[in-house]
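# Summary of the model geometry
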Amino acid sequence: MTDRRSDYFVFPSVVRADAVSEIEIIPRGAHAEFVENAEYTITLVPMEHFTVPYRLDRFEADYDVLTVRAEHGRLRFSYRFCFEQEWSVEAAPKDSPDEKRVFHIFAAADDLYRKTPYRGDLHAHSHRSDGREAPAIVAANYRRAGFDFMAVTDHYLHAPSLEAIDAYKDVPIQLKLFPGEEVHIPGAYIHIINFGGQNSVNELYRRSKAECDAQIAELADTLNVPENINPSEIAFRKWVADRIREGGGIAILVHPFWICRNEYNMQTHVTQYLLRSGCFDAFELLGGQSDKENNLQAALYGDMLREGISVPIVGSSDSHGTQPPVYFNSVFTVLFADDLSTEGIRSALSGSYSAAVDTEDGRPVHVYGTLRAVKYAQFLLENYFPRHDELCFEEGLLMKDHACGDPCAKDALAALSHRVADYRARFFGRAL
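A brief look at the structure comes next. (Residues numbered from 1 in each chain as written. Predicted model: local features only at pLDDT ≥ 70, side-chain atom pairs only at ≥ 80, totals over all residues. Heavy atoms only, no water.)

Let us look at the overall build of the protein chain. The number of helices and strands found in the protein chain is 13 helices and 24 strands. The globule rule puts the C-alpha radius of gyration for 432 residues at 22 Å, and the 24 Å found for the protein chain is close to it. Of all 432 residues assigned to the protein chain, the portion counted as buried reaches 55%. Roughly 19,000 Å² of accessible area belongs to the protein chain as shown, and the carbon and sulfur atoms make up 49% of that amount. Counting 44 positive and 64 negative side-chain charges, the protein chain places the averaged centre of each group 2 Å from the other. (Helix = DSSP H or I, 4+ residues; strand = E, 2+ residues; numbered from the N terminus. Rg over C-alpha atoms; globule rule 2.2 N^0.38 Å. Buried < 20%, exposed > 50% of the residue type's maximum accessible area, 1.4 Å probe, protein only. Areas by Shrake-Rupley, 256 points an atom, 1.4 Å probe, with all protein chains shown as cover. Lys, Arg positive; Asp, Glu negative; His and termini not counted. Charge placed at Lys NZ, Arg CZ, Asp CG, Glu CD.)

The following block contains the structure:
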């Protein structure tokens with residue numbers, strides 16, 4: 001059998017489970033065309049199929065097999081893909097059954113099918129704090145790498161994220177840029193991401209320190225926490241998370257096992273309390289900087305699940321440079337959302353429609369989340385995102401050209417603006 005995904009488009013590749021779908025296998029080049037008018041068998045193999053008893057001599061008899069005739073170098077057939085699962089589709093000339101070409105289709109239940117997958121990073125830095133490039137260049141390089149959404153989240157600063165947004169305010173780009181910042185309270189060893197918030201919590205604290213400290217102290221007095229936790233540890237973080245949400249943002253607990261000054265960023269029992277209490281909107285399960293911290297955070301996440309606690313998760317790189325990469329694109333989130341609004345993202349996270357992904361040499365190696373989210377994300381990482389990322393690449397180059405003053409870049413971006421949307425519509429079987 002030959003797996004030749006780069007030689008073909010399969011449209012749609014994601015279908016609604018338990019509904020009849022019309023599938024077209026389209027060659028990408030004359031070398032991949034099916035022989036005109038020749039008959040081909042299509043063997044439909046559900047990935048979660050099983051046979052009892054298992055016998056090699058009759059195993060394939062349990063699969064549905066269709067016979068289709070090639071037209072214009074393509075194959076077209078209709079089939080009802082049952083249950084939410086991945087399917088292998090084996091196409092072979094009727095007279096040469098061993099010359100199989102294998103394709104892949106995912107049948108999604110209605111709730112998942114209606115959502116759109118997006119690749120995002122919710123924690124990244126520019127040269128306005130301790131990153132390498134200007135905010136607009138950071139954004140361009142993210143699109144070049146295939147990202148659909150991101151925020152610049154500089155330390156203590158909200159303005160750089162607005163600078164990135166402003167750089168492309170009149171330009172037809174398909175990368176969704178959000179305001180953001182990494183919030184720190186002076187005197188408290190706290191790192192919290194404000195993703196999508198319209199107001200700066202850092203600026204609020206600097207502007208009204210005495211008033212904010214009084215609010216935090218008052219909050220600490222009202223908390224009923226375990227004896228081994230300093231109430232101020234929780235009060236500082238809860239105060240920040242509440243202010244983020246007041247500004248419409250998503251409050252993210254980040255890198256609790258990041259090692260700085262030879263100690264972890266947070267005590268484990270404090271992190272556990274915060275996750276149990278639902279103080280934050282999301283947990284940065286993968287933080288990008290070391291395998292050790294990511295392994296510990298993944299283990300903590302597993303413990304929370306065993307306790308019956310649902311923890312919304314993201315993967316973020318904490319990028320400090322995109323060219324050359326400093327953590328950039330090492331970790332990301334695959335999100336299944338109704339739309340790319342802040343509320344759309346919040347809803348997807350709270351509904352467990354996200355997966356955190358880490359990579360090695362640019363290849364996804366670990367995917368975390370619910371089993372359902374991981375199955376779907378892995379299918380998309382293998383079958384959807386490679387072509388998606390190719391289409392994003394040129395747009396990212398042109399975004400950088402625009403940010404650097406190229407007067408032709410805006411029109412070129414407009415000419416490309418439909419390509420990802422067109423591909424997405426065909427891949428997921430949606431009307432253009």
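This part is about the packing of aromatic side chains. Applying the stated criterion across every chain, the model contains 27 aromatic pairs. Between Y8 and F103, the ring centres sit 5.1 Å apart and the planes meet at 85 degrees, which makes this aromatic pair edge-to-face. Of this pair, Y8 sits in strand β2 (residues 8-11) while F103 sits in strand β9 (residues 101-108), and the two are 95 residues apart along the sequence. You'll find Y8 and F103 in the same group, each marked buried. Considering the side-chain rings of F81 and W87, the 5.3 Å spacing of their centres and the 85 degrees angle between planes classify their relative orientation as edge-to-face. A single burial state applies to F81 and to W87, both of which are buried. (Phe/Tyr/Trp six-rings, centres within 6.5 Å; stacked < 30°, edge-to-face > 60°.)

All right, on to helix α10 (residues 371-383) then. The end-to-end C-alpha separation of α10 is 18 Å, in line with the 18 Å expected for 13 residues at 1.5 Å each. Those residues of α10 that sit buried are A373, V374, Y376, A377, F379, L380, L381 and N383. (Expected span 1.5 Å × (residues − 1).)

This paragraph deals with the side chain of T153. Relative to the elements of secondary structure, T153 occurs in the loop between β11 (149-151) and α3 (159-167). Given a relative accessible area of 0%, T153 falls into the buried group. Excluding residues that lie within four positions of it along the chain, T153 makes contacts with L122, H123, A124, H125, G180, E181, E182 and I193. (Contact = heavy atoms within 4.5 Å.)

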